[in-house]
Amino acid sequence: MKMGALWERSVMDSRVEKDRVRPKEKWLGYLVGPAGALLLNAVLGSYLNVYYTDVLKLTGIWGGAFLALFPIISKIIDAVTNIIMGQVIDRTRTRQGKARPWLLISAPLVTITGILLFTVPSAGEMVQAVWVMLSYNLFYSIAFTMYNMSHNLMVPLSTRDLTDRGSLSVFNNVSTVMITGIIVALLFPSLVLPALGVDKGKWVTVMSVIAILALPLIILEYFHTKERITEESAEIQETKLSFMEQLRAVFHDRYWVVIVTYYLFYTFGTNIKNISLVYYCNYVLGSYNDGITQTLVSVIGGIPMGVGIFAVWPLAKRFGKRNVTSAGFVLYVIGGIVCLLAPQNMAVVLAGQFIKNVGGLPCAYVFAALMADVLDHMEWKCGTRIDGFSASIQTVIITICAGLSSGVFNLLLSRSGYIAPEFVAATGETVAAVQNAATQNVITGCFLGVEIATGVIMILLLCFLDVEKVIAKEQAEIKARR
């Protein structure tokens, strides 16, 4: 696909000039740069549903059906745009690469549509429903799809060097786990949410600031990443596969099917947990926006993530990425069971969350490196890269799981009798109701129970993902072909 003269100007070239990955590339392109868009996405993943249920009070529209159905319908649309975007990326040919140009194009779109999500007019239910549907799809189906697919390809397209690739994977996930975690999991529940309450004006202001912050950081990511594998492939004539040929190729490869299925269950479990976290802390473990319960859960449970930066990659290099990840998920399941033994006991839940997050470390930090190995394996097998198609499937999974988890959770809330809090204008205070036992059980099951089940499934799937045994030999053969 021709992108036009814009991409031919030297001013748009990557600031990364070396063939080997250097510290500046890691820090700016893979740690700082992605932080803005990933922060916005993390905030939306945790609190957009709260904005819909508690601030806009959309739970009762169409007897509760709106908040159950609209995310699922929207994610079907999003899934289609993901497939299209994957094909567009695979057919993009520029001196800047095939994925990086779309980072730059997505930057203003992510900011504008991120603001529109919260500027819902104070009008009738139908007007609000239409605005929510349109803004949600503009953000997720177009703007964030464009950004996220390009961003997810930066590690696999950056280098073939396994050590450098692993290092970039860690830096990439530090941006997700640490930077977004500090703000979303710590500052938001302790400082921001109590200040926002259900005041719509305050929500719009804070979320607009976060959306605007994403713009310069995405541009920073664009300038400090480099597609070395794309540049290498541009020097030879590759066989290009049609969409159906790509589909047949990937679904006939064991490694690709396993890692995609693994990612499906992991993403669904994580989404259900994230969307129910605020409700669990507000109505089961603590009181509404008390400023301490969610902070404690996040701090104690999240401490391992900081230590993991230094521990995970050395362990993965010694014992293998697959093996360390499998062992981690055993702890992941154990920690979830500990929490479920006494879900209203703060000490027990904090202990369980700590164990669980220790177990989740390998998956959080090395998945991108594992995925890159599988993509190299597919190149060895097919004679061509299938990056865009694989990225589209990965984002389709994110899309489907986000819609399904939101729809299922909102439906369960509505059917169990959830009561939204009220804003008292005279006093400026938010008054929350005590939820019934059925609602509390729904929230507890979503926050703790689902990830126990998905953890067991992922342990079983990883038994079949032994691509590390063959990747060095296959990379050597790829190099010999070129």
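Since the model is a prediction, treat every value here as computed from it, not as a measurement.

A word on the overall build of the chain
Each helix and strand counted, the chain has 17 helices and 2 strands in total. Relative to its length of 482 residues, the chain is compact, with a C-alpha radius of gyration of 22 Å against a globular reference of 23 Å. In the chain, buried positions account for 57% of the 482 residues. Nonlocal contacts in the chain, meaning residues at least 24 apart in sequence, comprise 85% of its contacts between residues at least 6 apart. If you sum the accessible surface of the chain, you get close to 18,800 Å²; carbon and sulfur atoms cover 69% of it. For the chain, the distance from the average position of its 38 positive side-chain charges to the average position of its 32 negative side-chain charges is 3 Å.

Description of the packing of aromatic side chains
Both the distance between ring centres and the angle between the ring planes are used here to describe each pair of aromatic rings. Within this structure, the stated rule accounts for 25 aromatic pairs. Aromatic side chains Phe139 and Tyr140 sit 4.8 Å apart centroid to centroid with 85° between the ring planes, which places their arrangement in the edge-to-face category. In this pair, the class of Phe139 matches that of Tyr140, namely buried. Arranged with centres 6.0 Å apart and planes meeting at 15°, the rings of Tyr262 and Phe367 form a pair that is stacked. Of this pair, Tyr262 sits in helix H11 (residues 254-285) while Phe367 sits in helix H14 (residues 346-382), and the two are 105 residues apart along the sequence. Counting every residue linked through ring pairs, the aromatic cluster contains Tyr51, Tyr52, Phe66, Phe70, Phe118, Tyr136, Phe139, Tyr140, Phe144, Tyr147 and Trp203. The lysine or arginine in question, Arg100, covers the ring of Tyr222, its NZ or CZ lying 4.3 Å from the ring centre. Over the ring of Tyr332 we find Lys356, and its NZ or CZ is 5.5 Å from the ring centre.

Remarks on a nonpolar patch on the surface
There is a patch of nonpolar side chains on the surface, built from Ile72, Ile76, Ile400, Leu404, Val408 and Leu412 and spanning about 450 Å² of accessible area. For the nonpolar patch, the secondary structure elements donating two or more residues are helix H3 (65-90) and helix H15 (387-416). Sorting elements by how many residues they give to the nonpolar patch places H15 first, with 4 residues. Residue placement: Val408 occurs in helix H15.

So, the confidence of the model for the chain
The predicted coordinates should not be examined in detail at positions where pLDDT is low. For the chain, the average pLDDT comes to 86, and 94% of its residues sit at 70 or higher. Highest mean pLDDT in the chain belongs to helix H4 (residues 100-116) (97); lowest belongs to strand S2 (residues 429-431) (74). In this model, residues 1-9 is a region of pLDDT below 50 whose contacts with residues beyond four sequence positions or in other chains number 21 contacts.

Re the side chain of Thr295
Of note, Thr295 is situated in helix H12 (residues 293-319). If near-sequence neighbours (up to four positions away) are discounted, Thr295 is found in contact with Ala185, Leu186, Pro189 and Ser190.

Some details on the packing of H11 against helix H16 (residues 437-462)
In the contact formed by H11 and H16, the axes pass within 8 Å of each other and the chain directions differ by 160°. The angle between the axes of H11 and H16 places the two elements in the roughly antiparallel class. H16 is crossed by H11, and the crossing has left-handed handedness. Across the contact of H11 with H16, the residue classes tally to 20 nonpolar, 7 polar and 2 charged.

Quick notes on unusual backbone geometry
In this structure, Lys57 is a non-glycine residue whose phi angle is positive, near 55°. Inspection of the secondary structure puts Lys57 in the loop between helix H2 (35-55) and H3.

What about the nonpolar core?
Formed by 98 residues in total, the largest nonpolar core has its most connected members in Tyr52, Phe118, Trp203 and Tyr280. With 11 residues, H2 is the single largest residue contributor to this core. With residues near it in sequence (within four places) discarded, Phe118 still touches Leu44, Leu48, Tyr51, Lys200, Trp203, Val204 and Met207. If you look at the next biggest cluster of nonpolar residues, it comprises 29 residues, including Val260, Tyr262, Ile393 and Leu461.

Regarding the pattern of salt bridges
Enumeration over the complete set of coordinates arrives at 21 salt bridges. The partner of Arg20 in a salt bridge is Asp164, and the shortest N-O contact between them spans 2.8 Å. Within this pair, whereas Arg20 is found in the segment before helix H1 (23-32), its partner Asp164 is found in helix H7 (residues 162-196), the two being separated by 144 residues in sequence. Of the residues examined, Asp164 reaches a relative accessible area of 7% and is grouped as buried. Measuring nitrogen to oxygen at the nearest pair gives 2.4 Å for the salt bridge that ties Glu451 to Lys356. Of this pair, Glu451 sits in helix H16 while Lys356 sits in helix H14, and the two are 95 residues apart along the sequence. Across the pair, Lys356 and Glu451 agree in class, each one buried. Among the charged side chains, a salt-bridge network with shared partners connects Asp90, Lys98, Arg160, Asp376, Glu379, Arg385 and Asp387.

Focus: the packing of H14 against H15
Running from amino to carboxyl end, H14 crosses H15 at an angle of 140°, the nearest separation of the two axes being 11 Å. By the angle class used here, H14 and H15 are oblique. Where H14 crosses over H15, the handedness of that crossing is right-handed. Contacts between H14 and H15 involve Phe367, Met371 and Leu375 from the former and Asp387, Ser390 and Gln394 from the latter. Residues of the contact of H14 with H15, tallied by class, amount to 3 nonpolar, 2 polar and 1 charged.

What about H11?
Roughly 45° is the biggest bend found in H11, and it falls at Ser276. Of all 32 residues in H11, 23 are buried, a share of seventy percent or more. Measuring from the side-chain oxygen of the N-cap residue of H11 to the backbone nitrogen of Tyr255 gives 3.2 Å; that N-cap residue is Asp253.

Cut-offs and rules
- Residues numbered from 1 in each chain as written.
- Predicted model: local features only at pLDDT ≥ 70, side-chain atom pairs only at ≥ 80, totals over all residues.
- Heavy atoms only, no water.
- Helix = DSSP H or I, 4+ residues; strand = E, 2+ residues; numbered from the N terminus.
- Rg over C-alpha atoms; globule rule 2.2 N^0.38 Å.
- Buried < 20%, exposed > 50% of the residue type's maximum accessible area, 1.4 Å probe, protein only.
- Contact = heavy atoms within 4.5 Å.
- Areas by Shrake-Rupley, 256 points an atom, 1.4 Å probe, with all protein chains shown as cover.
- Lys, Arg positive; Asp, Glu negative; His and termini not counted.
- Charge placed at Lys NZ, Arg CZ, Asp CG, Glu CD.
- Phe/Tyr/Trp six-rings, centres within 6.5 Å; stacked < 30°, edge-to-face > 60°.
- Lys NZ or Arg CZ within 6 Å of the ring centre and 35° of its normal.
- Patch = residues over 30% accessible without salt bridge, like charges linked within 9 Å, V, L, I, M, F, W, Y side chains within 5 Å.
- Salt bridge = Lys/Arg side-chain N within 4 Å of Asp/Glu carboxyl O.
- pLDDT = per-residue confidence, 0-100.
- Axes fitted to C-alpha atoms, helices over the stretch in contact; angles between N-to-C directions.
- Parallel < 35°, antiparallel > 145°, perpendicular 65-115°, else oblique.
- Left-handed = near helix turned anticlockwise from the far one by under 90°.
- Nonpolar A, V, L, I, M, F, W, Y, C, P; charged D, E, K, R; others polar.
- Core = buried A, V, L, I, M, F, W, Y, C linked by side-chain atoms within 4.5 Å.
- Bend = angle between axes of the 7 residues up to and from the residue.
- Polar contact = N/O pair within 3.5 Å; in protein donor to acceptor, adjacent residues only side chain to side chain.

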